[in-house]
Amino acid sequence: MVSAVDTYGSDGAAPQVIPLTSPERAQLVQRRNASPCTHLWQRLDQVKDPEIPVLSLWDLGVLQDVIETNDGVTVIITPTYSGCPAMDMMADEIRLCLAAAGVENVTIETRLSPAWTTDWLDQEAKQALRQYGIAPPARTNSAGQQTVICPHCGSHHTTTISEFGSTACKALYRCLACEEPFDYFKPL
Amino acid sequence: MSEQIDTNNADTLARFAIRLGDDALILGQRLCEWSSNAPTLEEDLALSNVALDFLGRARMLYGYATQIRGGSEDELAFTRDERQYENLLLVELPRGDFAYTMLRQYLLDAFEDLYFAALTQSTDPTLAAVAAKTVKEVDYHLRRSTDWIRRLGLGTEESHQRLQNATDELWGYVDELFETDTLEQGLIKQNIAVDRADLQTAWCKRVTELLSASNISVPETPWQVSGGRRGLHTEHLGHLLSEMQYMQRAHPGQQW
């Protein structure tokens, strides 16, 4: 489902319609909707990111495809960062989740292309991140700058502490309004 | 893997993937040495995260090589001797002080930014996919190392001196970044690999501009060394490998 919102450019130009779902995300959703094994996709919604338990692998865009054949099930995933240490755990949890549903012969394939992008996170996922205390990836404006919004108080007045945070996908920020530090999910 | 590559070419391709993997693994191992030793907690996290990116890249490249010619990632990492490693000399040098680590990182990041952007156009789809993944991560590495060069160069007298010393020591290793041997030349002709020499002008311009802006003088080093691609290493690689490979050497085939 692609929704849209009216917005005004900063220069007060005519409103333009910006889709809330990125084309990349829309493509993933289309793949899922066209898949004949809906029950498996739904089942796999239970598998969460071990580091960010409010997001499922589907929400993150790590889960790319589920293919059922006579020989078993192939699950295709893509790594967020190439050295993400959580990938093996995610693969184990996919197996456990499908085994609990009586599905055996599970093959897990890693696909590198197209490279994972934070554009695969949809609005619900970004909202879930915010509620969990992590600032979702910000859009970059035409000057190449990002406004990172504090997930605690909503202030735009924030500063970088470190380009790298508690995991490869996050940076460390601090809010200058409420003075709380927070994790920022880096756009990639 | 494309079907039209013959066995000879497949072996060349595997060796190319392995040497790019060697660059990543050895630098990843060096960066890991900073874990719990970095000057600040934030730097500790950052260096460890950058190291993870390099280890992940090594796994993707070794994984591709084993798809082509069998074997395992672990065998490649833990059972080869130093003469079988084909990494650049620059990545195996001891970590030195923080200025030395960050300067090496910057010199490489600036190179990789150009190299992997070009490699995304490789006619080999797997290498192109690895490059597309890598180039996004390099963007972060480069942003951070650029920032540190500026801060150290324009910081205190001591930080400036340390960065200048690092530049004087490391400059003799940069030419190797742009060297190609017959193995890479064959792959360049097929548009699988990237011609390193093509990147040298852009790299030099970018690096000397930043160093000058950071009050660092670029040395006119009378010496340049290379040899990593031929398995001829500095004395430091053997020590690194003996530490990294200890467990698999003592208990072959050991699993966690």
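Cut-offs and rules
Residues numbered from 1 in each chain as written. Chains lettered and ligands numbered in written order. Predicted model: local features only at pLDDT ≥ 70, side-chain atom pairs only at ≥ 80, totals over all residues. Heavy atoms only, no water. Helix = DSSP H or I, 4+ residues; strand = E, 2+ residues; numbered from the N terminus. Buried < 20%, exposed > 50% of the residue type's maximum accessible area, 1.4 Å probe, protein only. Contact = heavy atoms within 4.5 Å. Areas by Shrake-Rupley, 256 points an atom, 1.4 Å probe, with all protein chains shown as cover. Expected span 1.5 Å × (residues − 1). Arc of directions from axis to C-beta. 1 Å grid on protein atoms, 1.4 Å probe; cavity = no way out; pocket = protein on both sides within 12 Å on 5 of 7 lines; lining within 4 Å. Points joined across faces, edges and corners; volume = space filled by probe spheres on them. Nonpolar A, V, L, I, M, F, W, Y, C, P; charged D, E, K, R; others polar. Salt bridge = Lys/Arg side-chain N within 4 Å of Asp/Glu carboxyl O. Pairing = 2+ DSSP bridges. Axes fitted to C-alpha atoms, helices over the stretch in contact; angles between N-to-C directions. Buried area = accessible area lost by both parts, 1.4 Å probe. Parallel < 35°, antiparallel > 145°, perpendicular 65-115°, else oblique. Left-handed = near helix turned anticlockwise from the far one by under 90°. Right-handed = clockwise from strand over helix to strand, strands pointing away. Core = buried A, V, L, I, M, F, W, Y, C linked by side-chain atoms within 4.5 Å. Domains from an automatic or database assignment.

> Just checking my understanding: could you explain the overall build of chain A for this structure?
The helix and strand inventory of chain A stands at five helices and nine strands. In chain A, the succession of helices and strands from N to C terminus is β-β-α-α-α-β-β-α-β-α-β-β-β-β. For chain A, with 188 residues in total, the buried portion stands at 48%. Looking at chain A alone, contacts between residues at least 24 apart form 52% of all its contacts between residues at least 6 apart. For chain A, the accessible area works out to roughly 9700 Å², and carbon and sulfur atoms hold 48% of it.

> What exactly am I supposed to notice about helix 4 (residues 87-100) of chain A here?
Counting along an α-helix, one turn takes 3.6 residues, and residues three or four places apart therefore face a common direction. All names here are of chain A. Its 14 residues give helix 4 an end-to-end C-alpha distance of 20 Å, which sits within 8% of 20 Å, the value for a rise of 1.5 Å per residue. Taken together, the buried positions of helix 4 are occupied by Met-87, Met-90, Ala-91, Ile-94, Cys-97 and Leu-98. Buried positions in helix 4, seen along its axis, are confined to an arc of 125 degrees and lie on one side of it. Exposed side of helix 4, more than 90 degrees from the buried face: Asp-88, Leu-96 and Ala-100 are the residues found there. The inward-facing, buried residues of helix 4 contact helix 2 (38-44), helix 3 (57-60), strand 4 (72-77) and strand 5 (106-110). Count one or two residues on from helix 4 and you reach Gly-102, which has phi positive near 80 degrees.

> Explain empty space enclosed by the protein here, please?
Rolling a probe over the atoms, with the probe sized like a water molecule, indicates the empty space that remains. Residue and element names in this part refer to chain B. Scanning the entire structure with this criterion turns up one cavity of 30 Å³ or more. Volume-wise, the largest cavity comes out at about 80 Å³. Lining the largest cavity are Leu-20, Asp-23, Arg-57, Leu-88, Leu-108, Phe-111, Glu-112, Tyr-115, Phe-116, Arg-196 and Arg-229. The set of elements that each furnish at least two residues to the lining of the largest cavity consists of helix 1 (7-32) and helix 5 (98-119). In terms of residue count, helix 5 provides more of the lining of the largest cavity than any other element does, five residues in total. Residues of the lining of the largest cavity, tallied by class, amount to six nonpolar, no polar and five charged.

> For this particular structure, what's the right way to read the pattern of salt bridges?
Opposite charge on two side chains allows them to pair when their charged atoms are near. Residues and elements named next belong to chain B. This model, assessed by the stated rule, comprises 23 salt bridges over all chains. A salt bridge links Glu-33 to Arg-95, with the nearest nitrogen and oxygen atoms 3.0 Å apart. Note that Glu-33 is positioned in the loop between helix 1 and helix 2 (41-69) and Arg-95 in the loop between helix 4 (89-92) and helix 5, a separation of 62 residues in sequence. The exposure class assigned to Arg-95 is partly exposed, which follows from its relative accessible area of 30%. One salt-bridge network, held together by shared partners, links Arg-15, Arg-19, Glu-86, Asp-181, Glu-184 and Arg-196.

> Even after reading the chapter, I still don't get the sheet that holds strand 4 of chain A, so can you show me in this structure?
The pairing of strands in a sheet happens through backbone hydrogen bonds and is either parallel or antiparallel. Residue and element names in this part refer to chain A. One open sheet accounts for three strands, arranged 3-4-5; its pairing is mixed. The strands lining the two open edges of the sheet, one partner per strand, are strand 3 (63-69) and strand 5. Geometrically, the sheet is characterised by an average inter-axis angle of 20 degrees between neighbouring strands, direction not taken into account. Taken together, the five bridges between strand 4 and strand 5 define a ladder with parallel strand orientation. Paired with Val-75 across the strands is Ile-108, a residue of strand 5.

> Quick question: what am I supposed to make of the interface of chain A and chain B here?
Each partner contributes to the interface: chain A provides 23 residues, whereas chain B provides 21 residues. Between chain A and chain B, the buried area comes to about 1900 Å², and carbon and sulfur atoms account for 63% of it. Sorting the residues of chain A by area buried against chain B places A:Ser82, A:Leu112 and A:Phe164 first, and these three jointly supply 36% of that buried surface. Applying the counting criterion to the chain A and chain B interface returns one salt bridge.

> What's the story with the packing of helix 2 of chain B against helix 6 (residues 125-153) of chain B in this structure? I'm lost.
The angle between the axes and the distance between the axes are what describe a pair of packed helices. Residue and element names in this part refer to chain B. As a packed pair, helix 2 and helix 6 sit with axes 11 Å apart at the nearest point and diverge in direction by 160 degrees. Classified by the angle between their axes, helix 2 and helix 6 sit roughly antiparallel to one another. Every pair of crossing elements has a handedness; the one defined by helix 2 and helix 6 is left-handed. In contact with Glu-43, Ala-46, Leu-47, Val-50, Asp-53, Phe-54, Arg-57, Met-60, Leu-61 and Tyr-64 of helix 2, helix 6 contributes Thr-126, Leu-127, Val-130, Lys-133, Thr-134, Glu-137, Val-138, His-141, Arg-144 and Trp-148.

> How should the packing of helix 5 of chain B against helix 9 (residues 200-213) of chain B be read in this particular structure?
Residues and elements named next belong to chain B. Contact geometry of helix 5 with helix 9 gives a least axis separation of 10 Å together with a crossing angle of 145 degrees. The interaxial crossing formed by helix 5 with helix 9 has right-handed handedness. Together, Leu-103, Tyr-106, Leu-107, Ala-110, Phe-111, Asp-113 and Leu-114 of helix 5 and Ala-202, Trp-203, Arg-206, Val-207, Leu-210 and Leu-211 of helix 9 make up the contact between the two elements. Looking at the contact of helix 5 with helix 9, its residues break down into 11 nonpolar, no polar and two charged.

> Would you mind going over the pairing of strand 4 of chain A with me for this structure?
Successive residues of a regular strand alternate their side chains across the two faces of the sheet. Residues and elements named next belong to chain A. The element strand 4 is largely enclosed, with a buried count of six among its six residues. In the sheet, strand 3 pairs with strand 4 via six bridges, with the strands oriented antiparallel. Bridge pairing in strand 4 links Leu-63 to Ile-77. Counting the residues between successive antiparallel strands, the hairpin from strand 3 to strand 4 contains two residues. After leaving strand 4, the chain enters helix 4 and then returns to the sheet as strand 5, a path that is right-handed.

> Quick question: what am I supposed to make of the sheet that holds strand 9 (residues 181-185) of chain A here?
All names here are of chain A. Across the sheet, which stays open at both edges, the four strands sit in the order 6-9-8-7 with mixed pairing between neighbours. Unpaired on one side and paired on the other, strand 6 (134-135) and strand 7 (158-162) mark the two borders of the sheet. Pairing geometry for strand 7 and strand 8 (residues 170-175), over four bridges, is antiparallel. In the sheet register, Thr-160 faces strand 8, and the bridge partner there is Tyr-173.

> Which parts of the structure should I look at to understand the nonpolar core?
Side chains that are nonpolar tend, in soluble globular proteins, to be buried together. Judged by nonpolar contacts, the single largest core of 123 residues is most densely connected at A:Val75 and B:Trp203. The biggest single contributor to this core is helix 5 of chain B, with 13 residues. Residue contributions to this core reach at least three from each of two domains, namely domain 1 (23-120) and domain 2 (133-185) of chain A. Not counting the four nearest positions on each side in its chain, B:Trp203 is found in contact with B:Leu107, B:Ala110, B:Phe111, B:Leu114, B:Trp171, B:Val174, B:Leu177 and B:Phe178.

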